[in-house]
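What follows is the residue order along each chain.
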Amino acid sequence: MARDRFDLQAVVRPNIWALKPYRCARDDYSTGILLDANENSFGPALPLTHQSPITLPTDASYSDSHLERYPDPHQAEIKTSLASLRGLSSTSHFFLGVGSDESIDLVIRVFCQPGKDKILICPPTYGMYGVCAQVNDVEVVKVSLDVEGGRFQLQTELVKKALAADPSIKVVFICSPGNPTGTLINHDDIRTILNFEEYKGVVVVDEAYIDFCVTEAGQSPASTAKWVEEYPNLIVCQTLSKSFGLAGIRLGVSISSPQIAQIFNNTKAPYNISSPSSIIARSALSPSGISQMQSHVSRILSERSRLITSLKSLPSIGRILGGNDANFVLAEVLDKEGGKACNERAFGVYKELAEKLGVVVRYRGTELGCEGCLRITVGTEEENGRLLERLRGLLG
Ligand SMILES: Cc1ncc(COP(=O)(O)O)c(C=O)c1O
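Residues numbered from 1 in each chain as written. Predicted model: local features only at pLDDT ≥ 70, side-chain atom pairs only at ≥ 80, totals over all residues. Heavy atoms only, no water.

Points about the site of the ligand
The local shell around the ligand holds 13 residues, among which S100, D206, Y209, T239 and S241 are the closest. Measuring from an oxygen atom of the ligand, one finds a side-chain N or O atom of K242 at 2.8 Å. When the free accessible area of the ligand is taken as 400 Å², the share hidden by the protein chains comes to 92%. A per-element tally of the shell around the ligand places helix α7 (residues 99-111) first, with 3 residues. (Near = heavy atom within 4 Å. Polar contact = N/O pair within 3.5 Å; in protein donor to acceptor, adjacent residues only side chain to side chain. Areas by Shrake-Rupley, 256 points an atom, 1.4 Å probe, with all protein chains shown as cover. Helix = DSSP H or I, 4+ residues; strand = E, 2+ residues; numbered from the N terminus.)

Spelled out as structure tokens, the structure:
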């Protein structure tokens, strides 16, 4: 079992393991006449009518209502709400970052020595894993998903073979539900990688879209977040950018063993979550914020079904690939004869939609197993209606 054999120290970069974290002013004192952090006691340089550019909660803390002060470096309240939302008993499992993109970068910085270690990804997948690896001078090993018929599942035997062959792989990124595949990865396959004895590194499960995999009762049994209590080699990344509709505040979450979370918290910039982001995140994670999120998710899911049905009825739209477990769909555009998925036509449709018809989708035809595909985010009923009308005009 992973718990017995996982040696965290052996997999963390030695310089990070040895890091003595920066102790910031707010770690020591946060009340009184604060002359300890070289802030500006005269207040923010904002027009007097906008001294507080966002609506403050009635129980606003000092740093909430004083933007000239550095924010809380620990954000305990957000972590408490997240622990309760994700069914974890302790806030010690959490790291908060500037979007999931900060968690992805941090994972690579903490576990991979530049120019030496590697990550493993399973294309087609989210592009930032490769970008962050390149920025950090870390090589990328690719083991594609099984893309046959839009299955988009892990090829576990091939992943295991790659891991066994190369001990310099320190991180495996699994995107579930995947982007651009929209497909939840089988839990048994994730466990197979977590339990694989010959692999000494960590497994990241990127669950940016996990809240779109809900049951009728609004539960999300698809999340692996609670598994961090069982697997010390697991890191789950989530975000407020998707189901909570807060991409603008840049609030990402990583959930892991308390030891890994501590290392992430030691390594991050001290005040990475801004006060305005924190206020908005706390409001979104309140009971009424969560019920608003659930209501938006259920509307997105019913729009997703409607969009899929309508897309299928359009001429020259082929299969809708993948499991449709996220807030987007992956639709094939066929050639004029209506037989084969066609990149040239899909690209033309994408350009025409964006440049002449005012509807922007994502062309994904060059991704493995996504020949001729457009990735279409589920919009409002009106937005989807306009997309469908314009697609009908273009393809009909
Ligand atoms: C799979 C996946 N992970 C992470 C992200 C980035 O999320 P964030 O906005 O939290 O940085 C995205 C954004 O599209 C994504 O698709």
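There's plenty left to go through after this.
Observations regarding the packing of aromatic side chains
Applying the stated criterion across every chain yields a total of 10 aromatic pairs. For the pair F111 and F264, a centre-to-centre distance of 6.4 Å together with 75 degrees between the ring planes defines the contact as edge-to-face. On the criterion of sequence distance, the pair formed by F111 in helix α7 and F264 in helix α11 (residues 258-267) is long-range, its members being 153 residues apart. For the pair shown, F111 and F264 are each scored as buried. (Phe/Tyr/Trp six-rings, centres within 6.5 Å; stacked < 30°, edge-to-face > 60°. Buried < 20%, exposed > 50% of the residue type's maximum accessible area, 1.4 Å probe, protein only.)

Details of the domain arrangement of the protein
Taken domain by domain, the protein comprises domain 1 (2-24 + 70-285) and domain 2 (290-395). One C-alpha centre belongs to domain 1, the other to domain 2, and the line joining them spans 28 Å. In total, about 1,900 Å² of surface goes out of reach between domain 1 and domain 2, with carbon and sulfur atoms giving 67% of it. Counting the contacts that link domain 1 with domain 2 gives 0 salt bridges. (Domains from an automatic or database assignment. Buried area = accessible area lost by both parts, 1.4 Å probe. Salt bridge = Lys/Arg side-chain N within 4 Å of Asp/Glu carboxyl O.)

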